[in-house]
Amino acid sequence: MERKVVLGVTGGIAAYKAVEICRRLVDAGVHVVPVLTEDATRFVGEVTFSALASEPVQRSLWGGDDPIPHTRLGQGADLVVVAPATARFIGTYAAGISDGLLTATVLATRAPVVVCPAMHTEMWEHPAVQENLATLRRRGVRVVEPAAGRLAGGDVGAGRLAEPAEIVATVLRLLGPGDLAGRRVVVSAGGTREPIDPVRVITNRSSGKQGHALAEAAAARQAEVVLVTTTDRPVPPGIRVVRVDTAAEMETAMTAEAARADVVVMAAAVADFRPKAAARSKLAKADGVPEIVLEPTPDILSGLGRTRRPGQVLVGFAAETDEVLDRAAAKLARKGVDLMVANDVSAAGVGFDHDTNAVTILGADGSRLEVPLTSKAAVADAVFDTVIARLPPHPVDDDKPRSNS
Ligand code: C5P
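Summarised in this report is the structure supplied together with it. Keep in mind that this is a model prediction, so the values were computed, not measured.

We now examine the overall build of the protein. Secondary structure assignment for the protein yields 14 helices and 19 strands. Taken along its principal axes, the extent of the C-alpha atoms in the protein is 85 × 60 × 45 Å. Out of the 405 residues belonging to the protein, those deemed buried represent 49%. Considering only contacts within the protein whose residues lie at least 6 apart along the sequence, 65% involve residues at least 24 apart. Accessible surface computed for the protein: about 19400 Å², of which carbon and sulfur atoms make up 52%.

Mapped onto the secondary structure, E257 falls in helix α11 (residues 247-258). Overall, E257 belongs to the buried group, its relative accessible area being 15%. The residues contacting E257, other than those within four sequence positions of it, are V186, V226, R240 and V242.

Ordered by their spatial adjacency, eight strands build an open sheet running β12-β11-β8-β13-β16-β17-β18-β19, and the pairing between neighbours is mixed. The sheet terminates laterally at β12 (239-243) and β19 (368-375), the two strands that pair on one side only. For this sheet, the mean inter-axis angle between neighbouring strands, taken without regard to orientation, is 20 degrees. Two strands pair when backbone bridges link them, and strand β11 (residues 224-229) and β12 are joined in this way by five bridges, in the parallel orientation. Bridging from a neighbouring strand, T229 pairs with R243 of β12. Together, β16 (313-320), β17 (339-344), β18 (356-363) and β19 form the strand contacts of helix α13 (residues 324-335), whose direction differs from that of β17 by roughly 150 degrees.

Under the criterion given, the structure shown has two cavities of 30 Å³ or more. The calculated volume of the largest cavity comes to roughly 50 Å³. Along its surface, the largest cavity is lined by R184, V186, E224, V226, R240, E257, R260 and A261. Here the lining of the largest cavity is built from residues that sort into three nonpolar, no polar and five charged. Roughly 40 Å³ of internal volume is contained in the second largest cavity. Lining the second largest cavity are K4, V6, V33, R72, L73, G76 and A77.

Let us now look at helix α6 (residues 101-108). By the criterion of burial, α6 is predominantly enclosed, with six of the eight residues buried. Those residues of α6 lying buried are L101, L102, T103, A104, T105 and V106. Along its buried surface, α6 packs onto β1 (4-9), β2 (31-36), α4 (69-76), β3 (79-85), α5 (87-95) and β4 (113-117).

Below, the discussion takes up unusual backbone geometry. The amide bond that connects A83 to the next residue, P84, takes the cis arrangement and shows omega of -5 degrees. Here P84 is to be found in strand β3.

What surrounds the ligand is a group of 14 residues, the closest being M266, A268, L301, K331 and K335. With respect to the ligand, the backbone of M266 contributes an N or O atom lying 2.7 Å from an oxygen atom. Note that a nitrogen atom of the ligand is positioned 3.3 Å from one of the side-chain N or O atoms of T297. Protein chains shield 89% of the accessible area of the ligand, which is 440 Å² for the free molecule. Looking at the shell around the ligand, the elements that each hand over two or more residues are α12 (300-307), β16 and α13.

In this structure the tally under the stated criterion is one aromatic pair. Between the aromatic rings of F89 and Y93, the centroid separation amounts to 5.6 Å while the plane-to-plane angle is 40 degrees, which identifies the pairing as tilted. Of this pair, F89 and Y93 both sit in helix α5, four residues apart, which is roughly one turn of that helix. F89 sits in the buried class, given a relative accessible area of 5%. A relative accessible area of 8% places Y93 in the buried class.

The element α5 is extensively covered by neighbouring structure, given that seven of its nine residues are classed as buried. Those residues of α5 that fall on the buried side of the exposure criterion are A87, F89, I90, G91, T92, Y93 and A94. Lining the buried residues of α5 we find β3, α6, β4, α7 (121-125) and α8 (127-138). G96 sits one or two positions beyond α5 and adopts a positive phi of about 75 degrees.

On to the packing of α5 against α6, then. In the contact formed by α5 and α6, the axes pass within 10 Å of each other and the chain directions differ by 40 degrees. By the angle between their axes, α5 is oblique relative to α6. Judged by the sense of rotation from one axis to the other, the crossing of α5 with α6 is right-handed. Between α5 and α6, the contacting residues are F89, T92 and Y93 on the first element and L102, T103, V106 and L107 on the second. Of the residues assigned to the contact of α5 with α6, the class counts are five nonpolar, two polar and no charged.

How each quantity is defined
- Residues numbered from 1 in each chain as written.
- Predicted model: local features only at pLDDT ≥ 70, side-chain atom pairs only at ≥ 80, totals over all residues.
- Heavy atoms only, no water.
- Helix = DSSP H or I, 4+ residues; strand = E, 2+ residues; numbered from the N terminus.
- Buried < 20%, exposed > 50% of the residue type's maximum accessible area, 1.4 Å probe, protein only.
- Contact = heavy atoms within 4.5 Å.
- Areas by Shrake-Rupley, 256 points an atom, 1.4 Å probe, with all protein chains shown as cover.
- Pairing = 2+ DSSP bridges.
- Axes fitted to C-alpha atoms, helices over the stretch in contact; angles between N-to-C directions.
- 1 Å grid on protein atoms, 1.4 Å probe; cavity = no way out; pocket = protein on both sides within 12 Å on 5 of 7 lines; lining within 4 Å.
- Points joined across faces, edges and corners; volume = space filled by probe spheres on them.
- Nonpolar A, V, L, I, M, F, W, Y, C, P; charged D, E, K, R; others polar.
- Near = heavy atom within 4 Å.
- Polar contact = N/O pair within 3.5 Å; in protein donor to acceptor, adjacent residues only side chain to side chain.
- Phe/Tyr/Trp six-rings, centres within 6.5 Å; stacked < 30°, edge-to-face > 60°.
- Parallel < 35°, antiparallel > 145°, perpendicular 65-115°, else oblique.
- Left-handed = near helix turned anticlockwise from the far one by under 90°.

Set out below in structure tokens:
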């Protein structure tokens, strides 16, 4: 599963450093939900966090669509980190008082909680603060100690928020590895473009959104990801991108990358036909309507199905408008894949260019998982949950040749 962290920000001057913590966690593939106290917003803009985090900022127990946001946040989090944590937050949490969304969330969670205090030296050294922290530590809360350094107003002393890098390292260590850590995942995305002449192409309606969501989901689970794509959509850091245009280029790239992969997902909409010979110069309208002779493209997925290494999990997509499940099941068998993700592209909100999708994941073992209309990110997560259940315990080893036995 994707690793989800609630980042609590309370009202201290160090709140600006929480922006850096947020960005570093997102870059590490963590899903970050920012929760700001009212006082935090006096120091740093809500918009900054909403732009950088995985979800918009939440501030209040009241007024949103969700009547119990703290319960949802607390239960859904794999970890809660509060940085900076003021003396007031620490006192309220230690006393078990729920006086706002953040204190309610830390009381409603069973996930690990990391508290990163930041305050003036006098406050930091006050017995009340130290006793409250001792109480929290005794209850299993992890405290990232502040450092000595420059404080607000030019004072120097203990109480400065620990460095963002140290806080992020602590969070990542406590979260543990993602469930695709150490695995190599190759994903293809987008529609191929087959040239008619130097300016015209035959292509299809694929936006590449589902393929990109798959690559992002695999990276969030800490896989080493290669994305072979025809689109120029932005890709988060950490994903290696191979840009291609035609089916032939995609075949070359996928065959090379799949040779080392534990998981291969062909989400691309590969053209089934291409002009037999692209004209060298632009076809002129004055020469009349051209006759374009088509030939079939290579079936990349079938090729990967024939040559794949033992233990590799191979996933195809079947975009259909009629007899969706029957046709997808036939393709699953014909192309030699483990999973076929069937897509009824005639249904509302599904498939090409939408941000949402609804699929049925068919397994070669006869399994069938329906994923009703949801985000493409959630579909990607359902695909990888199904893939992980089929992966052998150890990643594919490059150095040692494997046998089927
Ligand atoms: O046969 P159909 O095009 O419906 O199959 C769809 C699946 O096969 C997708 O996973 C697509 O990426 C893959 N495919 C391919 N090479 C082709 C056509 C489709 O790999 N030439």
